[in-house]
Amino acid sequence: TVTNSYVPFNSNYNYGWSRTLYQATELAPAGGMLTSIAFMPYSNSNTTGLINQSLYLKEVNLTANPTTGYVNPITDGATLVWSGNVGVLAPNQWFDITFNTPFNISPGMGLMVYWDNLDSSYNGTIAWKSSTLALVKNASNYGYSDRSVADAQQMNSVISSRPIARFAYAGV
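What counts as what
Residues numbered from 1 in each chain as written. Predicted model: local features only at pLDDT ≥ 70, side-chain atom pairs only at ≥ 80, totals over all residues. Heavy atoms only, no water. Helix = DSSP H or I, 4+ residues; strand = E, 2+ residues; numbered from the N terminus. Buried < 20%, exposed > 50% of the residue type's maximum accessible area, 1.4 Å probe, protein only. Contact = heavy atoms within 4.5 Å. Areas by Shrake-Rupley, 256 points an atom, 1.4 Å probe, with all protein chains shown as cover. Lys, Arg positive; Asp, Glu negative; His and termini not counted. Charge placed at Lys NZ, Arg CZ, Asp CG, Glu CD. Pairing = 2+ DSSP bridges. Axes fitted to C-alpha atoms, helices over the stretch in contact; angles between N-to-C directions.

### Considerations on the overall build of the protein chain
Here is step 1: A tally of helices and strands in the protein chain yields 1 helix and 13 strands.
Here is step 2: Along its sequence from the N terminus, the protein chain presents helices and strands in the succession β-β-β-β-β-β-β-β-β-β-α-β-β-β.
Here is step 3: For the protein chain, the C-alpha atoms occupy an extent of roughly 40 × 30 × 30 Å along the three principal directions.
Here is step 4: Buried residues in the protein chain amount to 46% of all 172 residues.
Here is step 5: Considering only contacts within the protein chain whose residues lie at least 6 apart along the sequence, 87% involve residues at least 24 apart.
Here is step 6: If you sum the accessible surface of the protein chain, you get close to 7700 Å²; carbon and sulfur atoms cover 52% of it.
Here is step 7: Side chains of the protein chain carry 7 positive and 8 negative charges; the gap between the two charge centres is 8 Å.

Written out as structure tokens, the structure reads:
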């Protein structure tokens, strides 16, 4: 286990985005209706929470995350499953996000997770428990900026780690 402060979101900058790949072999083989996702903070100096957060999902058949920069989730075919505010997160406790709109994932498909942070203020740093798996090349992409959303979208960093995630399915 490693940590990262950028994915799924970076609270240390005013604006940011991320895109993370979870392969089909890491999800339920039969597919199903996803109802929530959870990530685990390792540490947190954020004492105010964040506003204007959005989470999108897209089923994909990929073994590597494209290294292209920011991609608008909607024009890329992703579905907005949750938007709202994030409260203060406790270290080493799951941060559960119950979707406003459940997401159906087909058998044998992977999942691309997109996050947009439009908070517009500095909120301290959250370090996320993450993993580096040889199975996933370019596991996560992200960008951030204090100046503007456009500046954040111009930045593109690629890392081999991604947040440890827990997926919940309807009826399971």
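### Focus on unusual backbone geometry
Here is step 1: Cis peptide bonds are those with omega within 30 degrees of zero, and the linkage from Val7 to Pro8 qualifies with 15 degrees.
Here is step 2: Even without being a glycine, Asn52 presents a positive backbone phi close to 55 degrees.
Here is step 3: By the element assignment, Asn52 lies in strand E5 (residues 50–60).
Here is step 4: Note on Asn52: relative accessible area 42%, which makes it partly exposed.
Here is step 5: The phi dihedral of Ser120 is positive, around 70 degrees, even though this residue is not glycine.
Here is step 6: Along the chain, the position of Ser120 falls in the loop between strand E8 (110–117) and strand E9 (126–132).

### A short note on the sheet that holds strand E6 (residues 79–86)
Here is step 1: Strand order in this open sheet of 6 strands is E6-E5-E8-E2-E10-E11, and the pairing throughout is antiparallel. Each of the sheet's edge strands pairs with one partner strand only, and the pair in question is E6 and strand E11 (157–159). Strand-to-strand twist of the sheet, defined as the mean angle between neighbouring strand axes without regard to direction, takes the value 20 degrees.
Here is step 2: Here 3 bridges tie strand E10 (residues 140–145) to E11, and the two strands are oriented antiparallel to one another. Looking at the pairing, Asn141 lines up with Val158 of E11.

### Let's talk about the sheet that holds strand E13 (residues 165–169)
Here is step 1: The sheet built from 3 strands is open, its strands ordered E7-E3-E13 with antiparallel pairing. Each having just a single partner strand, strand E7 (95–105) and E13 make up the two edges of the open sheet. Direction aside, the axes of adjacent strands within the sheet are offset by 25 degrees on average.
Here is step 2: Taken together, the 7 bridges between strand E3 (residues 32–39) and E7 define a ladder with antiparallel strand orientation. Counterpart to Ser36 in the pairing with E7 is Thr98.

### Some words on the environment of Asp76
Here is step 1: Here Asp76 lies in the loop between E5 and E6.
Here is step 2: Looking at Asp76, the relative accessible area reads 28%, which means it is partly exposed.
Here is step 3: C-alpha of Asp76 to C-alpha of Lys58: the two residues are 18 residues apart in sequence and 8.5 Å apart in space.
Here is step 4: Beyond its immediate stretch of four places on either side in the chain, Asp76 contacts Lys58, Val71 and Tyr114.

### What to know about the pairing of E5
Here is step 1: As paired strands, E5 and E6 are joined by 6 bridges and run antiparallel to one another. Its bridge partner lying in E6, Leu57 is registered against Thr79.
Here is step 2: As defined by bridge partners, E5 adjoins E8 across 8 bridges and the pair is classed as antiparallel. When the sheet's bridge partners are listed, Leu55 is paired in E8 with Trp115.

### A few points about the side chain of Asn14
Here is step 1: Mapped onto the elements, Asn14 comes out in the loop between strand E1 (2–4) and strand E2 (15–22).
Here is step 2: When its relative accessible area of 15% is taken as the criterion, Asn14 is described as buried.
Here is step 3: Aside from chain neighbours lying at most four places away, what touches Asn14 is Asn117, Leu118, Asp119, Ser120, Ser121, Tyr122, Ser145 and Asp146.

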